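Coordinate analysis (summary)
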Amino acid sequence: MAFAKAINRVDHVTINFTVSSSVTVMSIPTILLHSISASVMVWGYNQLDTLVTDAWIREQTGGHWQYLTVLGKVLAAACVTMLLGLSGDLFPSLKGNSFFRRFQKAQRTLLMVSLPVAMLVALIYWTLLLFFPAMILPPVPGWNSEPSSSSATPPLSRVPLSIDLALHATPTIALVTEFIVVQTPYSSYDVTYIAPVLAAFAGVGYGSWAEHCARHNGEFPYPFLTESPFTIRIAIYAGATLLALSIFRGLNRLHPHRKGGVSH
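Residues numbered from 1 in each chain as written. Predicted model: local features only at pLDDT ≥ 70, side-chain atom pairs only at ≥ 80, totals over all residues. Heavy atoms only, no water.

A look at the packing of aromatic side chains
- Overall, the coordinates contain 7 aromatic pairs when judged by the stated rule.
- Relative to Y222, the ring of Y67 lies with its centre 5.5 Å away and its plane at 90°, an arrangement referred to as edge-to-face. With Y67 in the loop between α2 (54–58) and α3 (68–90) and Y222 in the loop between α7 (188–217) and α8 (223–226), this residue pair connects regions lying 155 residues apart in the sequence. Taken as a pair, Y67 and Y222 share a single burial class, namely buried.
- Seen in terms of ring centroids, Y222 and F224 are 5.9 Å apart; in terms of plane orientation they differ by 25°. Their pairing is stacked.
- For R108, the ring lying beneath its charged end belongs to Y186, and the centroid distance is 4.2 Å. (Phe/Tyr/Trp six-rings, centres within 6.5 Å; stacked < 30°, edge-to-face > 60°. Helix = DSSP H or I, 4+ residues; strand = E, 2+ residues; numbered from the N terminus. Buried < 20%, exposed > 50% of the residue type's maximum accessible area, 1.4 Å probe, protein only. Lys NZ or Arg CZ within 6 Å of the ring centre and 35° of its normal.)

As structure tokens, then:
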């Protein structure tokens, strides 16, 4: 009888160990997604001080935080989203905890902002970079510091490809993968009511911040904003906000696990 009880205990421990090991193995892909993508984005941000424009940008009001790439994706949104996801991966035993559920809700709320902003910035940035680079890249600092009658086009401050991909491609790829593979689709209530409020808040927030920095710096971080009058800039901010909201709704509609009105 004692031997049988001992065998049952061993079997019970073995089963629990197997289940625990299975959960750990299943978490490895998401751990890699969250840790590698966050590391690449942080690396890209840390490499900003190697750019020829770094000293010039740091002297301005807002510094690198003027740029939607940094403010909207790398640290304030995409990277934080990945780190929140990584915390859940590393401590799966907390998933039944009420604090963890609030933690997970915070991650999903942040994803509602970071995901469409990442896709919006990638769409605008790569389109302008490929076809109209002078609209997105500033000239090399000091190029026109001396008077000249030359009409030559100023050289642009291009970003090395590795840093460019870390800042303008990795966040988008990571967040789309996070949403499609790891997360569940958002409910109709989230899409109809919460998403527009968050999009408006993000749009007004960045527009106000960009205008504030430009008043002190005399120019915007992006040439196409500097060349646009105030009314056109307002239209750009509003159009970008609506486009980001449309991107979010489109991705949610295309989610492979969407079945009508999914609630989460």
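Still more to cover.
Notes on the packing of helix α4 (residues 98–131) against helix α5 (residues 161–168)
- Running from amino to carboxyl end, α4 crosses α5 at an angle of 150°, the nearest separation of the two axes being 10 Å. Compared by their axis directions, α4 and α5 come out roughly antiparallel. Where α4 abuts α5, its residues V121, A122, Y125, W126 and L129 lie against D164, L165 and H168.
- Per-class residue counts for the contact of α4 with α5 are 6 nonpolar, 1 polar and 1 charged. (Axes fitted to C-alpha atoms, helices over the stretch in contact; angles between N-to-C directions. Parallel < 35°, antiparallel > 145°, perpendicular 65-115°, else oblique. Contact = heavy atoms within 4.5 Å. Nonpolar A, V, L, I, M, F, W, Y, C, P; charged D, E, K, R; others polar.)

Thoughts on the pattern of salt bridges
- One pass over the structure, following the stated rule, counts 2 salt bridges.
- D54 is paired through a salt bridge with R58; the nearest N and O atoms lie 2.8 Å apart. Placement of both D54 and R58 in helix α2 is noted, with a separation of 4 residues, approximately one turn of the helix.
- Two residues, R233 and E211, come together in a salt bridge whose shortest N-O distance is 2.7 Å. Taken as a pair, R233 in helix α9 (residues 230–254) and E211 in helix α7 lie far apart in primary sequence, 22 residues in all.
- Taking the relative accessible area as the measure of exposure, E211 reaches 11% and is therefore buried. (Salt bridge = Lys/Arg side-chain N within 4 Å of Asp/Glu carboxyl O.)

Remarks on α5
- Within the sequence span of α5, burial applies to I163, D164, A166, L167 and H168. All buried residues of α5 lie within an arc of 165° about the axis, which places them on one face of the element. (Arc of directions from axis to C-beta.)

Examining a nonpolar patch on the surface
- Judged by side-chain polarity, L130, F131, F132 and M135 come together as a nonpolar surface patch covering roughly 450 Å² of accessible area.
- Here F131 is to be found in helix α4.
- With relative accessibility at 58%, the residue F131 sits in the exposed group. (Patch = residues over 30% accessible without salt bridge, like charges linked within 9 Å, V, L, I, M, F, W, Y side chains within 5 Å. Areas by Shrake-Rupley, 256 points an atom, 1.4 Å probe, with all protein chains shown as cover.)

Regarding the nonpolar core
- Counting 23 residues, the largest nonpolar core has M82, L111, L115, L175, F179, Y186 and F248 as its most contacted members.
- Elements with a minimum of two residues in this core: α1 (2–46), α3, α4, α6 (170–182), α7 and α9.
- Residues within four places of L111 in sequence aside, it is in contact with T81, P116, L175, E178, F179, Q183 and Y186.
- Y67, Y222, L225 and Y237 belong to the second-largest nonpolar core, a separate cluster that totals 18 residues. (Core = buried A, V, L, I, M, F, W, Y, C linked by side-chain atoms within 4.5 Å.)

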